[in-house]
Amino acid sequence: MHRNPADYPLAALNCRELPRFRDVLARHSAAVIAVIGTAALAFAAPVSAVSAATAPRPVPRAAATWAVQSVPPPTSPNGNLWAVSCTSATACTAVGGAINATGKQVMLAERWNGTSWSMETVPNPTGATGSVLSAVSCTSPTACTAVGRYTESTSLQLTLAERWNGTSWSIQDSPNPPGAGFAEFFGLSCVSATACTAVGDYTNTTGTWKMAEGWNGTSWSIRTTPNAKGATASSLTAVSCTSASACTAVGNYTNSAGTQLTLAERWNGTSWSIQTAQNVNSGGSTVLDGVSCTSATTCTAVGDYTNKAGNPLTLAERWNGTSWSIQTTSNPKGFNSFFAAISCTD
């Protein structure tokens, strides 16, 4: 259930972490499909042949044309960018993590100004022995929020939130669920400088459970999320908000048989409620990893399901304001494949 971005061999495209790359790519060659609007990019390679240094980092220049951009490397060779958010073609922020020369995991943040990428300094929490940023959301070139986790001196892993004001990054206090020994944000969506929602999961003595927090312009607070009936574990990996009172979060939960199933929840400005997301009847797991909403009644979520042969295949679902339904997707022939992120414009 835990996701550690430092373990993933491929970088993410769009504003979502690739939370289960480690599980799938550890065993197979991979076919990765990143979706932006109606344009799609696919690349395939054995895991051993792909690293953070060699993996493509494409950015759309035209409707169906991709181009590779150069990014400045961190001071150590093991750097990865896991998420990106753009407010215009000349203003993007990407975040991630790196392993420095002493073996310590440190945060990365880079800025695109329309011409080139540049490194930004991100402060670490006092006493942190490691940290990583998993998601970022910007509402203007001078207002970005990034979230992830850090490891403290006692080895507890706790939530982390940082804020960009156009000049520098600063740490925001983010609470952790009571009794949490591990807590991490995976997804983030901001609709203004004073309205953000972050989702992830935490572990306590009873297991691993999803969590959500909200930023009101002054502080972060935990928002209670209901569990699916019969859940023995759960996680929220992505969130998309169209207003401060309309957010959709997706992820997965584990049932009593040990099978992972889709999870979708809706924030109405006051409380979270569970929506019935669809599962593929294949006898295996079905999970959602990314979501994008253009209105309170229009969302698309993506992920994957395991077929009867035990292979992961792409999954897409659509919310029409009333219910979720599965959409037909294509898969590269001969490869295991899954969607990890999505961005929609209408």
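Below is a summary of the structure that appears in this document. All residue numbers refer to positions counted from 1 along the written sequence of the respective chain. The model is predicted, so local features are restricted to residues of pLDDT at least 70 and side-chain atom pairs to those at 80 or more, both for listing and for counting; the totals for chains, interfaces and linings are taken over all residues. Each side-chain value is derived from all of the structure's non-hydrogen atoms; neither hydrogens nor water enter the calculation.

## Thoughts on the sheet that holds strand S8 (residues 117-120)
Sheet architecture is open: 4 strands sit in the order S5-S6-S7-S8, paired in antiparallel fashion. On the outer flanks of this sheet lie strand S5 (78-88) and S8, each paired with one strand and no other. When strand polarity is set aside, the average angle formed by the axes of neighbouring strands in this sheet is 25°. When DSSP finds two or more bridges between two strands, those strands count as paired. Secondary structure elements follow DSSP: runs of H or I no shorter than four residues count as helices, runs of E no shorter than two count as strands, and numbering proceeds from the N terminus. In terms of strand pairing, strand S6 (residues 91-99) meets strand S7 (residues 105-112) through 8 bridges, oriented antiparallel. The angle between two axes is taken between their N-to-C directions and runs from 0 to 180 degrees, where each axis is a line fitted to C-alpha atoms and a helix contributes only its stretch in contact.

## A look at unusual backbone geometry
Even without a glycine there, the phi angle at Ser155 is positive, about 80°. A relative accessible area of 55% means that Ser155 is categorised as exposed. For every residue, the accessible area (1.4 Å probe, protein chains only) is compared with the maximum for its type, and the residue is labelled buried under 20%, exposed over 50%, or partly exposed between those bounds.

## Some thoughts on the pattern of salt bridges
Here, a salt bridge means any Lys or Arg side-chain nitrogen found within 4 Å of an Asp or Glu carboxyl oxygen. Applying the stated rule across the entire model yields 2 salt bridges. Arg149 is paired through a salt bridge with Glu184; the nearest N and O atoms lie 3.4 Å apart. With Arg149 in strand S10 (residues 143-151) and Glu184 in strand S13 (residues 182-192), this residue pair connects regions lying 35 residues apart in the sequence. The class for Arg149 is buried, based on a relative accessible area of 2%. The class for Glu184 is buried, based on a relative accessible area of 0%. Lys210 is paired through a salt bridge with Glu265; the nearest N and O atoms lie 3.1 Å apart.

## Brief notes about the state of the cysteines
What counts as a disulfide here is a pair of cysteine sulfur atoms lying within 2.5 Å. Evaluation of the coordinates by the stated rule reveals 5 disulfides. Between the sulfur atoms of Cys190 and its disulfide partner Cys196 the distance amounts to 2.1 Å. Its torsion about the S-S bond being 105°, the disulfide of Cys190 and Cys196 is classed as right-handed. Across the pair, Cys196 and Cys190 agree in class, each one buried. There is a disulfide in this structure between Cys293 and Cys299, and the S-S distance comes to 2.1 Å.

## Digging into the side chain of Asp201
Inspection of the secondary structure assignment puts Asp201 in strand S14 (residues 195-204). A 3.5 Å cut-off defines polar contacts: any pair of N or O atoms within that distance qualifies, except that in protein one atom must be a possible hydrogen donor and the other a possible acceptor, and neighbouring residues in sequence count only when both atoms are side-chain atoms. In terms of polar contacts, Asp201 uses its side chain to reach the side chain of Ser235, at 2.9 Å.

## Here we look at the nonpolar core
Nonpolar cores are built from buried Ala, Val, Leu, Ile, Met, Phe, Trp, Tyr and Cys residues. Side-chain atoms within 4.5 Å join them into one set. By size, the foremost hydrophobic cluster in this structure holds 29 residues, and its most contacted members are Val147, Leu188, Trp220, Val239 and Trp272. Looking at this core, the elements that each hand over two or more residues are S13, S14, strand S15 (207-215), strand S17 (233-243), strand S18 (246-254) and strand S19 (260-267). In this structure, Met107, Ala128, Ala146 and Leu158 belong to the second largest nonpolar core, which totals 16 residues.

## Quick notes on the pairing of strand S21 (residues 286-295)
Two faces belong to every sheet, and in a regular strand the side chains alternate between them. Of all the 10 residues making up S21, 8 are buried; the element is thus mostly covered by neighbouring parts of the structure. As paired strands, S21 and strand S22 (residues 298-306) are joined by 8 bridges and run antiparallel to one another. Opposite Ser295, over in S22, you have Thr298 as the bridge partner. Where S21 hands over to S22, the hairpin turn is made up of 2 residues, counted between the paired strands.

## What about the pairing of strand S11 (residues 157-164)?
S11 sits mainly inside the fold: 8 of its 8 residues count as buried. Two elements, S10 and S11, share 8 bridges in a ladder whose sense is antiparallel. Across the sheet, the residue bridging to Thr145 is Arg163, located in S11. Sheet analysis places S11 next to strand S12 (residues 169-172), joined by 4 bridges and oriented antiparallel. In the strand pairing of S12, Ala161 is matched with Gln172. Count of turn residues in the S11/S12 antiparallel hairpin: 4 residues, of which Gly166 carries a positive phi of about 100°.

## Considerations on the sheet that holds strand S23 (residues 312-319)
Taken together, 4 strands build an open sheet; the order of strands is S21-S22-S23-S24 and the sheet is antiparallel. The outermost strands of the open sheet, each flanked by one partner alone, are S21 and strand S24 (324-327). The mean angle between the axes of side-by-side strands here comes to 25°, regardless of whether they run parallel or antiparallel. Sheet topology places S23 next to S24; 4 bridges connect them, and they run antiparallel. Paired with Arg318 across the two strands is Ser325, which belongs to S24.

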